[in-house]
Amino acid sequence: MSEFTVKDKAAIVGLGETKYYKRGGAPVSEFRLALEAILRACDDAGIGPTDIDGIASYSNDRNDSVRVATALGLPELRLSTMFWGGGGGGGSGAIGNAAAAIAAGYANCVVVYRALAQGQFGRFGQTPALNTISGPPAYTWPYGMSTPAQWIALRTRRFMHEHHVTQDAIAAIALACYHHAQFNPRAVMYGRPLTRQMYDESRWIVEPFHLYDCCMENDGAAAVILTTPERARDMRQRPAWIMAAAQGSDFRQGAGAENNPDYGSSNFKTLAPRLYAMAGIEAKDVDVAQVYENFTGAVMTSLVEHGFCTPDQVMEFCTVENLTWPNGRLPLNTSGGNLAECYMHGLELIIEAARQVRGTSTCQVKDAEISMVVSGPMVAPVSDLILHR
Amino acid sequence: MPVPVATRDGVDREFYEGVKRHQLVVQRCGKCGTFQFPAEWICYKCHTMEPGWERVSGRGRIYSWERVWHPAHPALKGSCPYLVVVVELSDAGNIRMVGNLLGNPMQEVKIDAEVEAVFEDREGGTLVQWQLAAARA
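Calculation notes
- Residues numbered from 1 in each chain as written.
- Chains lettered and ligands numbered in written order.
- Predicted model: local features only at pLDDT ≥ 70, side-chain atom pairs only at ≥ 80, totals over all residues.
- Helix = DSSP H or I, 4+ residues; strand = E, 2+ residues; numbered from the N terminus.
- Rg over C-alpha atoms; globule rule 2.2 N^0.38 Å.
- Buried ≥ 20, exposed ≤ 12 C-beta atoms within 10 Å, placed from the backbone.
- Contact = placed C-beta atoms within 7 Å.
- Pairing = 2+ DSSP bridges.
- Axes fitted to C-alpha atoms, helices over the stretch in contact; angles between N-to-C directions.
- Domains from an automatic or database assignment.
- Nonpolar A, V, L, I, M, F, W, Y, C, P; charged D, E, K, R; others polar.
- Core = buried A, V, L, I, M, F, W, Y, C linked by C-beta atoms within 7 Å.
- Parallel < 35°, antiparallel > 145°, perpendicular 65-115°, else oblique.
- pLDDT = per-residue confidence, 0-100.

Caption draft 1: Molecular detail of the overall build of chain A. Of regular secondary structure, chain A possesses 13 helices and 13 strands. Taken against the 2.2 N^0.38 rule, which gives 21 Å for 389 residues, the C-alpha radius of gyration of chain A at 19 Å falls within 12% of a compact globule. Considering chain A as a whole, with its 389 residues, one finds that 61% of them fall into the buried category. Across chain A, every contact between residues at least 6 apart in sequence was considered, and the portion connecting residues at least 24 apart equals 78%.

Take a look at the structure:
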C-alpha cells in the first residue's frame, strides 16, 4: 500500500437532506431537491454556497455538476467527477474521490450530492417496455430476470445454499433497520414498526425476499460537504475525519448473465483488506456500521466480507440482538437505512455515519469513534468509507 | 417481454445464429480453450481478439434459482409466479446461462438438478429455456 493515503487529509463538515418522501411524493422537481440539500449542507457547515469549488456524485446523477455550479454561481469550479457504475456502489466512492481531490490540492471544498425523484423519472424496480433487447440484458430480461431484486435473490440463494443459512438471518437485518427507524422522525417508516410475524406474512417479491427485504423507492436529495483539515477544524460542526476510503471490483464481477465467478459474493473480497489496511484497524474495532441495503441478502454477505463473521457464522451473528442499538455487537443502519429511513441511494447512510461520529444520531452509539459505510453490495464497482472522530 | 436480438456491433452474432438453428453456440478461445459468456471481443484469459466459437451440448446443472412473485414488467402481470434458474454448463467450462425452468412454477427446485436447453421460438427471436433432464426420459 502506498504510504500516501487520504487518511486524515479531509473531513466531512456539512450534512444536508431534504424531507424524504415516498416515491412520487416530492412536491418540487428533482433538481430543486438537489439544490435544497446542498444549501442545507452549506448551512450545517457554516459556509456559503459559493465557497464550494468541487462537485462529486455517482450513479449517473441526472443533476449535472455544471448546471449546479451555474445555478449556484460558483466562481471557480475546480473538480467535477462522476463515479462510474449504477446502484449504490458509488456512494462511498464519491466521498473518496472528493477526499482524494482535496488531499491532492485539486479543490478545497467539495460537495457530494445525490437527488432522486423516482416518481418523476423511471423506477428502479420496474423494467421499461421494449420490443427487443440486446447485449448482456438480452440474456436475462426476456426470462423475467431484469431487476436488482431478481439478480440479488439468485446470488443470495446460492450463498444460503452453500453455507446453510436460513430466512432468520436476512429477516434479522430487516428487523434491525426498522427498529432503528422507530427512533428517527425523519424516517419514512417512522411510527411503523415491523415484527417478525409481519415480515413472515408479507408477500414474496422474489424468493427468498419478502417485501421487507427490499429497499423502498423514494423521492428526496442529500448532500455532504468535505474540506481540508485546516478548514475543518474551524467549522461549525465536529469534523468526521476520513479514516479510509476504497473502491473497486473483484475478478470479473461485472460479467453478464450471472457469470461472475465468485457468485454469492458482495464484491468486497479484495477491497475490504485494502480499506482496513489504510485505516490501520480490524473489523472488531468498528463501533457502528451502515451497510447499503438494496436487499437484505447483500447486507449479509457484506458483513461476512468485511470480517464481522465467517460464512459459517452467519446464523449466529445475524440476529436482531447483535445488530440493534443500544446493546448489539454491531449496531447496523442506525437511522433505518434504505429499508426504513429513505432510499437516497445510500448517501443517507453516509450522513448517518457522520452523525455517529458527531454524536447526534437518534440511535447514538455511546462514544462511537469508528464509523463504517459499505456502499453497493452485489453490484460492480463498489466502495467503502471509514470515518473517525 | 422484449425479444433478444444480436448487438449492432456483431460481438454475439454467432450465438444468435445458433439459437435460430436451435443449437447452443458459445464463445471458446481457439488459442487457450477458455469459454466465455456473454461474448466479448477479446478472451479475458489470453487476450486473443475474436476468440472463436464452439457448439455445446446444452446440458447443465441448476446453480441457483428463484420464484418470482412480483411482476416488474407490465407483460408479466398474470404470469406470476414463475421460475428463473441459473444453469452451469458442465461441458462448456461452467459458463452460466439464465432462463426459465419449464413446468409447474410451484415445483420444488433443487440446486444441482440436471437440466437441458429447450429452444422456444418467438416472433422476432428465439429464447433458450431449461427443462429437467429427468422430464424428457
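That shown, we press on.
Caption draft 2: The overall build of chain B, seen in detail. In terms of regular secondary structure, chain B is built from two helices and nine strands. Taken from the N to the C terminus, the helices and strands of chain B come in the order β-α-β-β-β-β-β-β-β-β-α. Since a compact globule built from 137 residues should have a radius of gyration of about 14 Å, the 16 Å found for chain B is in line with a globular shape. With the C-alpha coordinates aligned to their principal axes, the bounding extent of chain B is approximately 45 × 30 × 25 Å. Burial statistics for chain B: of 137 residues in total, 34% are counted as buried.

Caption draft 3: Summary view of the sheet that holds strand E3 (residues 35-36) of chain B. Residues and elements named next belong to chain B. Here three strands make up an open sheet; going across it, the order is E3-E2-E4 and the pairing antiparallel. The sheet is open, and its two edges are formed by E3 and strand E4 (53-56), each paired on a single side. Relative to the sheet, helix H1 (residues 13-20) contacts strand E2 (24-28) and E4, its axis offset from that of E2 by approximately 160°.

Caption draft 4: Expanded view of the domain arrangement of chain B. All names here are of chain B. For chain B, the assigned domains read domain 1 (7-56) and domain 2 (57-137). On a C-alpha basis, the centroid separation for the pair domain 1 and domain 2 is 21 Å. Each side of the interface is counted separately: domain 1 has 10 residues, and domain 2 has 12 residues. Broken down by secondary-structure element, the contributors of at least two residues to the side of domain 1 that touches domain 2 are H1, E2 and E3. Per-class residue counts for the side of domain 1 that touches domain 2 are six nonpolar, three polar and one charged.

Caption draft 5: The nonpolar core, seen in detail. Core analysis: the largest hydrophobic core is formed by 166 residues, its most contacted members being Val110(A), Ala223(A), Val224(A), Leu226(A) and Leu387(A). Among the elements that take part in this core, helix H5 (residues 167-181) of chain A stands out by supplying 11 residues, more than any other. Domain assignment of the residues forming this core places at least three in each of domain 1 (7-56) and domain 2 (57-137) of chain B. Not counting chain neighbours up to four residues away, the residues in contact with Ala223(A) comprise Gly16(A), Ala37(A), Ile38(A), Ala41(A), Val111(A), Val112(A) and Tyr113(A).

Caption draft 6: Structural view of the interface of chain A and chain B. Each partner contributes residues to the interface: chain A has 37 residues there, and chain B has 34 residues. Contributions of two or more residues to the side of chain A that touches chain B are made by strand E6 (132-133), helix H4 (148-163) and strand E7 (204-206) of chain A. By residue number, the principal contributor to the side of chain A that touches chain B is H4(A), which donates six residues. Residue composition of the side of chain A that touches chain B, by class: 16 nonpolar, 15 polar and six charged. Pairing geometry for E6(A) and strand E1 (residues 3-4) of chain B, over two bridges, is parallel.

Caption draft 7: Representation of the pairing of strand E13 (residues 382-388) of chain A in the model. Residue and element names in this part refer to chain A. In terms of residue burial, E13 counts as a mostly covered element, since seven of its seven residues are buried. Along E13, one buried face is formed by Val382, Asp384, Ile386 and His388 and the opposite face, lined by Ser383, Leu385 and Leu387, is buried too. Relative to E13, strand E10 (residues 240-248) runs antiparallel, the two being bridged by seven bridges. Opposite alanine 244, over in E13, you have isoleucine 386 as the bridge partner. Bridging between strand E12 (residues 370-375) and E13 involves six bridges; their strand directions are antiparallel. Bridge pairing links valine 373 to leucine 385 in E13. The hairpin turn running from E12 into E13, its antiparallel successor, is six residues long, and glycine 376 in that turn takes a positive phi close to 85°.

Caption draft 8: Seen up close, helix H9 (residues 296-305) of chain A. All names here are of chain A. Counting buried positions over the 10 residues of H9 gives 10, a clear majority of the element. Along H9, the residues classified as buried are Thr296, Gly297, Ala298, Val299, Met300, Thr301, Ser302, Leu303, Val304 and Glu305. Turning to H9, the residues buried within the fold contact H4, H5, helix H8 (271-279), strand E11 (288-291), helix H10 (314-317) and E12.

Caption draft 9: Region of the structure containing the packing of helix H3 (residues 91-104) of chain A against helix H13 (residues 347-358) of chain A. Residue and element names in this part refer to chain A. Contact pair H3 / H13: the axes reach a minimum separation of 8 Å and the direction vectors enclose 60°. As far as their axial angle goes, H13 and H3 are oblique. Mapping the contact onto sequence places Gly91, Ser92 and Ile95 in H3 and Leu347, Leu349 and Ile350 in H13. The residue inventory of the contact of H3 with H13, partitioned by class, reads four nonpolar, two polar and no charged.

Caption draft 10: The arrangement of the confidence of the model for chain B in detail. Scored by pLDDT, chain B comes out at a mean of 96, with 99% of its residues at no less than 70. Taken over the whole predicted complex, pTM reads 0.97, whereas the ipTM for its chain interfaces reads 0.97.

Caption draft 11: Spatial organisation of the environment of Pro4(B). Turning to its location among the elements, Pro4(B) is positioned in strand E1. The class for Pro4(B) is buried, based on 26 C-beta atoms found within 10 Å. Residues within four places of Pro4(B) in sequence aside, it is in contact with Ile133(A), Ala138(A), Pro142(A) and Gly125(B).

Caption draft 12: Expanded view of unusual backbone geometry. Backbone torsion omega between Trp325(A) and Pro326(A) reads 5°, so that peptide bond is classified as cis. Its place among the elements puts Pro326(A) in the loop between helix H11 (320-323) and helix H12 (337-340). Cis geometry is adopted by the peptide bond preceding Pro38(B), which originates at Phe37(B) and carries an omega value of -10°. On the secondary structure map, Pro38(B) appears in the loop between E3 and E4. Backbone geometry places His164(A), a non-glycine residue, at a positive phi of 55°.

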